[in-house]
Amino acid sequence: MTSTQAECVDVVIVGAGLSGVGAAHHVREAFPDGSHVVLESRERIGGTWDLFRYPGVRCDSDMQSLSYRFRPWSSSDSIVSGADIREYIEQTAVEDGTDARIRFGHKVIRADYATETATWTVVALRGHTAVEFTCRFLYLCTGYYDYDRGHTPDLPGSAEFTGPVVHPQQWPDDLDHTGKRVVVIGSGATAITLVPALAETAAHVVMLQRSPTYVMAFPRRDTLDEKLGRVIGPRRAAGLTRWKNIAIDTALYHSCRRWPTYMRSVIRKENASQLPDDFDIDRHFTPRYDPWDQRMCLAPDGDIFAALSDGRASIVTDKIDQITSEGVALASGEHLDADIIVTATGLQMLAFGAIDIAVDGAAVSPSETLTYKGMMLSGVPNLLFTIGYTNASWTLKADLVGEHFRRMVAHMDARGFDQFVPVRPEGMAEEPLLDCEANYILRSIDTFPRAGTKSPWQLGMSYFHDIVALRYARLGDPAMRFARSARASGRTGSVPS
């Protein structure tokens, strides 16, 4: 391994996906005369929306609220393809000039902070070459799952299957499912997306689930947005539609949490209206948990219900006994014949892209830190990260993190500070970072930072609360210490903010 001379910038952003491109916009606003780079391990903009290329890939969030606040979505299409989302991210980067600041093929492996100089040294691999950057602030937009591998449970006998076994995260470009019998193992958003998409040309698709998930239909196109656009213009209509969708999502979430029994019945009735009279809804679409204990799945225009209703697809709720040479043998004794098996069995979570983080030579274990305002780590100076909402569009939180960072920088520059660090209060009790019972979260949440039991040490899931806390609330906080480094002031130590 060889190395190169360090490049000095104000901010290093890690990741050129939805969060990273948005972060670059806010960083440029914070440092109009400064410099920043975006380090991306892949060779294209898009992150998640470049990685996932399985049939029908899309987002469960509407584009009006998934789009950036500073660049609203201009179409009335609400649920769009992953390719459309990636194109939107790329166009944003080009219009902002962010594309010129992205260093592709740079996988960040280490970040070390020096308190004396208030600088991060970031090491990335470009092939076999170690490339170094120094910066004032490190902004992690790595998402929260492993880009290299998804979660695939041990399936006894899978080596005996004569056809391909595919995980959606590594979907082969040359896989032809036309006229084939396909079994999709899983019940989450990926399976709900894949089944109707595959059913368009497959001989038949079976969704095999161990237990059901809540699914609700959602229109692909926002007709109200179209009507408003003709009256008040597309841009104003986009703003109103965005707030309308945020309000609906928020109301649905809080209704499910407050009146779970009633909302169960509402969802069941909605499902029944789109399925045959003899369909076993209680078995296949009524989970044991309450609505929004796990993330709700959306079916654009009820596509999965249509595929089940017309016989192009079917659903089986059972446990797998073993994989055979011809398909899947179930615990009930039934056998599902298959030419292709798709393991839509979930994601593998990974904290901060597995970057080794250290402060003054001491390694930082994320699981031993608390999150501050859902965007910083206790005891780690000049670092922020983006983790979006699990009950609303990811970008809503990402934009607020960027806005709050701009306020932090302005506050520090006006007072001569060059460091911030959240300080964990004594006796603060801990809880998991994400209050969600999804299996992919439960499998790895112990490797992530912890949350406290009181504000501001929690990863909030209320957009309206975060608007106040991150966009408008005063920055003064006993838990946040601002300081001048030895380089800036000729001495060390905290300075009251």
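Residues numbered from 1 in each chain as written. Predicted model: local features only at pLDDT ≥ 70, side-chain atom pairs only at ≥ 80, totals over all residues. Heavy atoms only, no water.

**Things to note about the overall build of the chain**
Link 1 in the chain: Broken down by element type, the chain carries 14 helices and 28 strands.
Link 2 in the chain: Here the chain has a C-alpha radius of gyration of 24 Å; the compact-globule value for 497 residues is 23 Å, and the two agree.
Link 3 in the chain: Per-residue burial over the chain gives 55% buried out of 497 residues.
Link 4 in the chain: Restricting the contact set of the chain to residue pairs at least 6 apart, pairs at least 24 apart contribute 71%.
Link 5 in the chain: Working note: accessible area of the chain is about 21300 Å², and carbon and sulfur atoms make up 50% of it.
Link 6 in the chain: In the chain, 51 positive and 62 negative side-chain charges are present, and the distance between their average locations comes to 7 Å. (Helix = DSSP H or I, 4+ residues; strand = E, 2+ residues; numbered from the N terminus. Rg over C-alpha atoms; globule rule 2.2 N^0.38 Å. Buried < 20%, exposed > 50% of the residue type's maximum accessible area, 1.4 Å probe, protein only. Contact = heavy atoms within 4.5 Å. Areas by Shrake-Rupley, 256 points an atom, 1.4 Å probe, with all protein chains shown as cover. Lys, Arg positive; Asp, Glu negative; His and termini not counted. Charge placed at Lys NZ, Arg CZ, Asp CG, Glu CD.)

**Let's talk about the sheet that holds strand 9 (residues 137–140)**
Link 1 in the chain: The strand order 5-4-3-9-24 describes an open sheet built from five strands, whose pairing is parallel. Each having just a single partner strand, strand 5 (102–104) and strand 24 (383–385) make up the two edges of the open sheet. Strand-to-strand, the axes of this sheet are offset by a mean angle of 20°, without reference to chain direction.
Link 2 in the chain: In this structure, strand 3 (residues 11–14) lies alongside strand 9, joined through four bridges in parallel fashion. Across the sheet, V14 pairs through a bridge with L140, a residue of strand 9.
Link 3 in the chain: Across the face of the sheet, helix 11 (residues 394–415) comes into contact with strand 3, strand 9 and strand 24 while running at roughly 175° to strand 9. (Pairing = 2+ DSSP bridges. Axes fitted to C-alpha atoms, helices over the stretch in contact; angles between N-to-C directions.)

**With respect to helix 8 (residues 260–272)**
Link 1 in the chain: If you check helix 8, its first and last C-alpha atoms are 18 Å apart, about what 13 residues at 1.5 Å a residue would give, namely 18 Å.
Link 2 in the chain: Regarding helix 8, the residues found buried are P260, M263, I267, E270 and N271. Looking down the long axis of helix 8, one finds its buried residues gathered within 100° of arc, a one-sided arrangement. The exposed set on the far side of helix 8, more than 90 degrees from its buried face, consists of T261, Y262 and K269.
Link 3 in the chain: Buried residues along helix 8 sit against strand 13 (215–218), helix 7 (234–258), helix 9 (281–284) and helix 10 (303–309). (Expected span 1.5 Å × (residues − 1). Arc of directions from axis to C-beta.)

**Some words on the sheet that holds strand 11 (residues 181–185)**
Link 1 in the chain: The strand order 10-19-11-12-15 describes an open sheet built from five strands, whose pairing is parallel. Strand pairing shows two members of the sheet lacking a second neighbour, strand 10 (165–166) and strand 15 (313–317), which therefore form its edges.
Link 2 in the chain: Pairing geometry for strand 11 and strand 12 (residues 204–209), over five bridges, is parallel. The partner of V184 across the bridge, within strand 12, is M207.
Link 3 in the chain: Against the sheet, helix 5 (residues 189–199) makes contact with strand 11, strand 12, strand 15 and strand 19 (340–343), and its axis sits at roughly 165° relative to strand 12, the strand it touches most.

**Some details on the packing of aromatic side chains**
The description of an aromatic ring pair rests on the distance of the ring centres and on the angle between the ring planes.
Link 1 in the chain: Tallied over the entire structure, the rule returns 24 aromatic pairs.
Link 2 in the chain: A centroid spacing of 4.8 Å and a plane angle of 15° characterise the contact between Y68 and F70, whose relative ring orientation is stacked.
Link 3 in the chain: With a relative accessible area of 23%, F70 lands in the partly exposed category.
Link 4 in the chain: Put simply, the rings of F31, F137, Y139, F405 and F420 pair up and form one aromatic cluster. (Phe/Tyr/Trp six-rings, centres within 6.5 Å; stacked < 30°, edge-to-face > 60°.)

**Let's talk about the packing of helix 1 (residues 18–30) against helix 11**
Link 1 in the chain: Closest axis-to-axis distance for the helix 1/helix 11 pair is 9 Å, and the angle between their directions is 25°. The orientation of helix 1 with respect to helix 11, classified from their angle, is roughly parallel. As for the relative orientation of helix 1 and helix 11, their crossing is right-handed in sense. On helix 11, the residues that touch L18, S19, H26, V27, E29 and A30 of helix 1 are W394, T395, A398, D399, G402, E403, F405, R406 and V409.
Link 2 in the chain: Within the contact of helix 1 with helix 11, the residues separate by chemical class into seven nonpolar, four polar and four charged. (Parallel < 35°, antiparallel > 145°, perpendicular 65-115°, else oblique. Left-handed = near helix turned anticlockwise from the far one by under 90°. Nonpolar A, V, L, I, M, F, W, Y, C, P; charged D, E, K, R; others polar.)

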